[in-house]
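Results of the structural survey
Residue strings, one per chain:
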Amino acid sequence: MDPTNKPEQPHPHYSLYQRECFMNGTIGQLPPFSVVPEKLQESTQKVLTEKGYWYAASNAGIGWTDKANREAFYDWRIIPRMLVDTNKRDMNVEVFGQKLKNPFIFAPIGINKIYHPLGELIPARIAGEMGMGYMLSTAASQSIEDVADANGEGSPRFFQLYMGHDDDVTISLLERAHKAGFTACILTVDTWQLAWRPTDVDIANYTFYYAKAGAPGNEMGESDPVFMRKYGDELKKDPSVWIDKHVWHGKAHDWKKIPWLIETWKKISGGKPFALKGIQCVEDAEMAVRVGCDGIVVSNHAGRQVDGAVGSLDQLPAIVDAVGDKVTVLFDSGIRGGADAFKALALGAKAVLFGRLWVWGMSHGYEGCMHVVKSLLADFDITMTVAGYPTLADINRRALQYKGAERNRPSRL
Ligand code: FNR
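A count of helices and strands for the chain gives 17 helices and twelve strands. In terms of overall size, the chain behaves like a compact globule, its C-alpha atoms giving a radius of gyration of 21 Å where 413 residues would be expected to give roughly 22 Å. Oriented by its inertia axes, the alpha-carbon framework of the chain measures out at about 65 × 55 × 40 Å. The 413 residues of the chain split such that 58% are buried. Of the contacts made within the chain by residues no fewer than 6 positions apart, 74% connect residues no fewer than 24 positions apart. On the chain, roughly 17100 Å² of surface is accessible, and the fraction owed to carbon and sulfur atoms is 54%. Positive and negative side-chain charges in the chain, numbering 46 and 49 respectively, have mean positions lying 2 Å apart.

Here we take up the environment of arginine 125. Within the secondary structure layout, arginine 125 lies in helix α5 (residues 121-130). The class for arginine 125 is partly exposed, based on a relative accessible area of 39%. Separated by 115 residues in sequence, arginine 125 and serine 240 place their C-alpha atoms 29 Å apart. What arginine 125 contacts, discounting residues up to four positions off in sequence, is Ala150, Asn151 and Tyr366.

Packing of α5 against helix α17 (residues 365-387) leaves a shortest axis separation of 10 Å and a crossing angle of 45°. By the criterion of interaxial angle, the relationship of α5 to α17 is oblique. Relative to α17, the crossing made by α5 is right-handed. Residues Ile122, Arg125, Ile126, Glu129 and Met130 of α5 form the contact with α17, whose own contacting residues are Gly365, Tyr366, Cys369, Met370, Val373, Lys374 and Leu377. For the contact of α5 with α17, the per-class residue count stands at eight nonpolar, one polar and three charged.

Below, the discussion takes up the packing of aromatic side chains. Scanning all chains against the criterion turns up 18 aromatic pairs. Considering the side-chain rings of phenylalanine 106 and tryptophan 358, the 5.7 Å spacing of their centres and the 50° angle between planes classify their relative orientation as tilted. Of this pair, phenylalanine 106 sits in strand β4 (residues 104-106) while tryptophan 358 sits in helix α16 (residues 356-362), and the two are 252 residues apart along the sequence. We note that phenylalanine 106, like tryptophan 358, is buried. Linked through ring pairs, Phe104, Phe106, Tyr134, Phe354, Trp358 and Phe380 together constitute an aromatic cluster. A cation sits over an aromatic face here: arginine 125 above tyrosine 366, 4.0 Å from the ring centre. The ring of tyrosine 55 carries the charged tip of arginine 304 above its face, separated from the ring centre by 5.1 Å.

Definitions and limits used
- Residues numbered from 1 in each chain as written.
- Predicted model: local features only at pLDDT ≥ 70, side-chain atom pairs only at ≥ 80, totals over all residues.
- Heavy atoms only, no water.
- Helix = DSSP H or I, 4+ residues; strand = E, 2+ residues; numbered from the N terminus.
- Rg over C-alpha atoms; globule rule 2.2 N^0.38 Å.
- Buried < 20%, exposed > 50% of the residue type's maximum accessible area, 1.4 Å probe, protein only.
- Contact = heavy atoms within 4.5 Å.
- Areas by Shrake-Rupley, 256 points an atom, 1.4 Å probe, with all protein chains shown as cover.
- Lys, Arg positive; Asp, Glu negative; His and termini not counted.
- Charge placed at Lys NZ, Arg CZ, Asp CG, Glu CD.
- Axes fitted to C-alpha atoms, helices over the stretch in contact; angles between N-to-C directions.
- Parallel < 35°, antiparallel > 145°, perpendicular 65-115°, else oblique.
- Left-handed = near helix turned anticlockwise from the far one by under 90°.
- Nonpolar A, V, L, I, M, F, W, Y, C, P; charged D, E, K, R; others polar.
- Phe/Tyr/Trp six-rings, centres within 6.5 Å; stacked < 30°, edge-to-face > 60°.
- Lys NZ or Arg CZ within 6 Å of the ring centre and 35° of its normal.

In structure tokens, the structure reads:
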């Protein structure tokens, strides 16, 4: 870890964050908290309110999909290669026409003010500073415009849409997102209605309904002129109007609506990319291509929607085989470290989204979120180095073995 003897490389020396942590130890400074995922979750529980902690921790049902997500990572294993020149490493990648310094994107996560009073401004700022992708949720607790400011001029940012049934409101959100420099629209299709989440039910954990008492949740609606013109009076009397009618409304859209949305977004944005988030099935991925999407996010919402479902990583190879040469395939659900990201990239994802990790980080403030992000990047950079895969192009299926038996799972290749 000699910081001076490394040749030039296209991305920053993320690996040196480990050296910095070790060096700080010599002057008695330890990291503010552990980034070992279980310990990080524990320290998060200590700094958040009960409701804040459980909103991030809750899964659908009894949490088996969350478990399946993690098991899928365990089942795919990296094959280390030796005597490879990994001194010059390159993890730059282009996603939806935007250059990212590394293949990590902040997953869209709603109501960040329950984790920190600055809410979305913290992850948006860090994403901008680190040259990473940022996706803003429609369920955010800061306005589109304020988040764009925090993210910074020209930083790669994408808008995640929850689509209600009032097209005027949808159009208004998309116009604002476009004006504020969000360069792709990502429609989440796995959450027309919130899943059965018993650990939230136990404590009546639905911040939006508490907005009358000053709780966050309705900021995105309140900052939207069209929504306020049409529903502002209603919202004053009933804080559930935004979330119940325009976000998780419980009235599923189907494929027939997607061409309208693509056309609308393309018209507003001058042809910027459109993707679906929440795809877990080959047929749905193929349909997304047929209706004209530019990308998909293979995701099961961190196991928070359908309980007892397949692990997201297990679905990735077949989906990449079916549509990977036609659209951009991104991945999320269950990433807890650099090796996990490596595996998703090896199975064909162009880049990965990470969610709970940055939420747990931001619960410890800006510095805390930065510590988690730098640790994740260092972990990934060091994985590339010690496993012998110097560029993202080297990270392909030959880098993995399924459960230590065959080179790869036969049915998937
Ligand atoms: C989410 N996710 C999510 N997805 C989305 O499209 N819009 C949203 O508003 C939210 N909100 C949200 C809140 C919380 C607390 C969590 C944990 C997740 C899903 C998110 O974008 C992403 O798919 C997962 O978080 C990825 O899995 P990991 O990295 O959290 O395991």
